Amino acid sequence: MTQVVAKVYGAVSIVNAIAVGKGSTLGIDTFVETTLTKKEGKGIHITSENKTISSRLINKLIENMIPKKILDNTKLELDFKSNIPTGYGLKSSSAISSAVVLSCAKAFGKTMSDEEILKLGAKTSIQTKVSITGAYDDACACHFGGFNVTDNLKMKLLHRELAPKELQAIIFLPKSRKRGNLRKLKEFKNAFEQSWQLARNSDYWNAAVLNGIATTSILNSEPNLIMRLMEKGALCATISGNGPSIMAIADRKNKSRVQKEFSGLDGKIMISNINNKKAYVHEL
Ligand SMILES: Nc1ncnc2c1ncn2[C@@H]1O[C@H](COP(=O)(O)OP(=O)(O)O)[C@@H](O)[C@H]1O
Ligand SMILES: O=C(O)C1=C[C@@H](OP(=O)(O)O)[C@@H](O)[C@H](O)C1
């Protein structure tokens, strides 16, 4: 029996990649932890906090990695612990993908580069329709932490750098989980291209504000909220990913004022530190 544990962190968006195929992201210290047990036998059994779940994404990742002949003679048990809310734009799917690939590679003695791990996750997310572009931007931030700037269509990480670790992400999770019409994002390519160019030049806060004004306007959210958060001293504010979460980055001095802006709204508030740590895996 082999047992391995992989831990991968969460992230927020700076620039949504759907419109122009290029994105930017920032690591935060939410996480997904996978414990993989490999035994003699057959079948894949997935649990999340001890409840059985089914996941096409996870099954497909394993199928894409491990030859059928080997899988037919191996029993795999994967248990997930996660504090990343799923389906809010906070990168749970990218974190899960990296955690599965990292743990399978370790358990089966497969040497994979970071790029191979990330590309496999991105390709599988397109294959299973979990993402549109492959979300290579999200995958990089979950895997490496810090700021990341990517070309998702080429699956290339163009730049990454550490982020100021004293800052915090203040994240609002609206009670209504409705997401807007994503096809509309492509009608405003110019705004996203400009926003990505700012991120490419390491001007992340302006990039995120422009992304925030564009995404809130297009996805029927509240552009005014972005302005109000900025007035309260946020360094930036935007919808994260396709939403519906809204994130603001602030220093500790302005955190409470920014947080208060969310407190009258219907939903939950989450505070997270910035993450610059890389994902990791080890054998138990
Ligand atoms: N804990 C989990 N267990 C299994 N699958 C998960 C888990 N978390 C996320 N996923 C996968 O990720 C998808 C959510 O992806 P998406 O809608 O892009 O939101 P997010 O921004 O959280 O990544 C889920 O539908 C599921 O396929
Ligand atoms: O489907 C995709 O390719 C993407 C989905 C969005 O993220 P979420 O899945 O977190 O909403 C977006 O931010 C990312 O740049 C690309």
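- As annotated in an unreviewed UniProt entry, the protein carries the name Shikimate kinase and is attributed to Candidatus Nitrosopelagicus brevis.
- What UniProt records for the protein under Catalytic activity (unreviewed entry) is the sentence "shikimate + ATP = 3-phosphoshikimate + ADP + H(+)".
- On record in UniProt, under Pathway (unreviewed entry), the comment for the protein is "Metabolic intermediate biosynthesis; chorismate biosynthesis; chorismate from D-erythrose 4-phosphate and phosphoenolpyruvate: step 5/7."

1. Overview of the overall build of the protein
Now for step 1: The helix and strand tally for the protein stands at nine helices and twelve strands.
Now for step 2: Rg of the C-alpha trace for the protein: 19 Å, near the compact-globule value of 19 Å for 284 residues, within the 12% margin.
Now for step 3: Across its three principal directions, the C-alpha atoms of the protein cover 60 × 35 × 30 Å.
Now for step 4: Residue pairs in contact within the protein that sit at least 24 positions apart in sequence constitute 74% of those at least 6 positions apart.
Now for step 5: Considering the protein, the positive charge centre built from 41 side chains and the negative charge centre built from 25 side chains are found 3 Å apart.

2. Quick look at the domain arrangement of the protein
Now for step 1: By domain assignment, the protein separates into domain 1 (2–162 + 276–283) and domain 2 (168–273).
Now for step 2: For domain 1 and domain 2, the distance between their C-alpha centroids amounts to 24 Å.
Now for step 3: Counting from both sides, the interface comprises 29 residues of domain 1 and, opposite them, 37 residues of domain 2.
Now for step 4: Taken over both partners, the interface formed by domain 1 and domain 2 buries close to 2800 Å², and the fraction arising from carbon and sulfur atoms is 64%.
Now for step 5: Taken together, domain 1 and domain 2 are joined by one salt bridge.
Now for step 6: Here domain 1 and domain 2 share 16 residue pairs in polar contact (both at pLDDT 80 or more) between them.
Now for step 7: At the level of secondary structure, the elements contributing two or more residues to the side of domain 1 that touches domain 2 comprise β1 (2–15), β2 (22–40), β6 (147–151) and β7 (156–161).

3. Focus: the side chain of threonine 238
Now for step 1: Within the element layout of this structure, threonine 238 appears in strand β9 (residues 236–239).
Now for step 2: Polar side-chain contacts of threonine 238 include one of 2.9 Å to the side chain of asparagine 211.
Now for step 3: Once you skip the residues sitting within four places of it in the chain, threonine 238 turns out to touch Ser13, Ala208, Asn211, Gly212, Thr215, Ile226, Ser245, Ile246 and Met247.

4. Thoughts on the site of ligand 1
Now for step 1: What surrounds ligand 1 is a group of 15 residues, the closest being Gly87, Gly89, Ser92, Ser93 and Arg179.
Now for step 2: Contacts to ligand 1 include threonine 86, whose side-chain N or O atom sits 3.3 Å from a nitrogen atom.
Now for step 3: Leucine 90 is positioned such that a nitrogen or oxygen atom in its backbone is 3.3 Å from an oxygen atom of ligand 1.
Now for step 4: For the shell around ligand 1, the element with the most residues is helix α3 (residues 92–107), which contributes three residues.
Now for step 5: Its residues placed into classes, the shell around ligand 1 shows seven nonpolar, six polar and two charged.

5. Here's the deal with the packing of helix α1 (residues 56–65) against α3
Now for step 1: Packing of α1 against α3 leaves a shortest axis separation of 10 Å and a crossing angle of 35°. Note that α1 runs across α3; the crossing there is right-handed. Contacts from Leu57, Ile58, Leu61, Ile62 and Met65 in α1 reach Ser93, Ile96, Ser97, Val100, Val101, Cys104 and Ala105 in α3.
Now for step 2: The residue makeup of the contact of α1 with α3, split by class, is ten nonpolar, two polar and no charged.

6. Quick look at the UniProt feature "binding site: ATP" (unreviewed entry) in the protein
Now for step 1: Sequence positions flagged by UniProt for "binding site: ATP" (unreviewed entry) are, in local numbering, Pro85, Thr86, Gly87, Tyr88, Gly89, Leu90, Lys91, Ser92, Ser93, Ser94 and Ala95.
Now for step 2: Among the structural elements, tyrosine 88 can be located in the loop between β5 (74–82) and α3.
Now for step 3: Not counting residues within four places of it along the chain, the set of residues in contact with tyrosine 88 comprises Leu173, Pro174, Arg177, Arg179, Ser240, Gly243, Pro244 and Ser245.
Now for step 4: The class of lysine 91 is buried, set by a relative accessible area of 7%.
Now for step 5: Those residues in contact with lysine 91, other than ones at most four positions away along the chain, are Ala11, Val12, Ser13, Ile84, Asp138, Cys142, Ser240 and Gly241.

7. Some remarks on the environment of glycine 233
Now for step 1: Positionally, glycine 233 belongs in the loop between α8 (223–231) and β9.
Now for step 2: Each C-alpha atom, one on glycine 233 and one on leucine 90, is 22 Å from the other, the two residues being 143 residues apart in sequence.
Now for step 3: Residue contacts for glycine 233: discarding those within four places in its chain leaves Asn254, Arg257 and Val258.

8. Comments concerning the packing of aromatic side chains
Now for step 1: Throughout the structure, instances matching the rule amount to three aromatic pairs.
Now for step 2: With a centroid separation of 5.5 Å and an interplanar angle of 65°, the aromatic rings of phenylalanine 147 and tryptophan 205 are classed as edge-to-face. Placement of the pair is phenylalanine 147 in strand β6 and tryptophan 205 in helix α7 (residues 204–218), with a sequence separation of 58 residues.
Now for step 3: When its relative accessible area of 4% is taken as the criterion, phenylalanine 147 is described as buried.
Now for step 4: Among the aromatic side chains, those forming a connected cluster through ring pairs are Phe147, Tyr204 and Trp205.
Now for step 5: In this structure, arginine 160 packs its charged tip against the face of phenylalanine 144, placed 4.1 Å from the ring centre.

What counts, and at which threshold
- Going along each chain's sequence as written, the residues are numbered from 1 onward.
- Each chain takes a letter, starting from A, and each ligand takes a number, starting from 1, following the order in which they are written.
- Where totals are concerned, whole chains, interfaces and linings use all residues; where local detail is concerned, this predicted model gives features only for residues with pLDDT of at least 70, and gives and counts side-chain atom pairs only at 80 or more.
- Neither water nor hydrogens contribute to the side-chain values; these are computed over all heavy atoms in the structure.
- UniProt positions are given in the numbering used here, feature names are shortened, and annotations may be inferred rather than shown by experiment.
- Strands are runs of DSSP state E lasting at least two residues, helices are runs of H or I lasting at least four, and both sets are numbered from the N terminus onward.
- Computation of the radius of gyration draws on C-alpha atoms, with the globule rule given as 2.2 Å multiplied by the number of residues to the power 0.38.
- Contact definition: two residues touch when any of their heavy atoms are within 4.5 Å.
- When charges are counted, Lys and Arg are positive and Asp and Glu negative, with His and the chain ends excluded.
- Think of each charge as sitting on NZ of Lys, CZ of Arg, CG of Asp or CD of Glu.
- Each domain span listed reflects an automatic or database assignment of domains.
- By buried area we mean how much accessible surface two parts lose on assembly, using a 1.4 Å probe and totalling the loss over both.
- Salt bridges are defined as contacts in which a side-chain nitrogen from Lys or Arg sits within 4 Å of a carboxyl oxygen from Asp or Glu.
- Any N or O atom pair separated by 3.5 Å or less is treated as a polar contact, with the protein-specific requirement of one donor-capable and one acceptor-capable atom, and with residues adjacent in sequence counted only for side-chain atom pairs.
- Think of it this way: one heavy atom of a residue within 4 Å of a molecule or strand is enough to make that residue near it.
- Note on residue classes: Ala, Val, Leu, Ile, Met, Phe, Trp, Tyr, Cys and Pro are nonpolar, Asp, Glu, Lys and Arg are charged, and everything else, Gly too, is polar.
- Here an axis means a line fitted to C-alpha atoms, over the contact stretch when the element is a helix, while the angle between two N-to-C directions is reported on a 0 to 180 degree scale.
- Should the near helix be turned counterclockwise from the far one by less than a right angle, the crossing is left-handed, whereas a clockwise turn marks it as right-handed.
- Per-residue accessibility, obtained with a 1.4 Å probe over protein chains only, is compared with the maximum for each type, and a residue is labelled buried under 20%, exposed over 50%, and partly exposed between these values.
- For Phe, Tyr and Trp, where Trp contributes only its six-membered ring, two rings pair if their centres lie within 6.5 Å, and the inter-plane angle classes them as stacked under 30 degrees, edge-to-face over 60, or tilted in between.
- Note on criteria: charge over ring means Lys NZ or Arg CZ within 6 Å of the ring centre, with the direction from the centre no more than 35 degrees off the ring normal.

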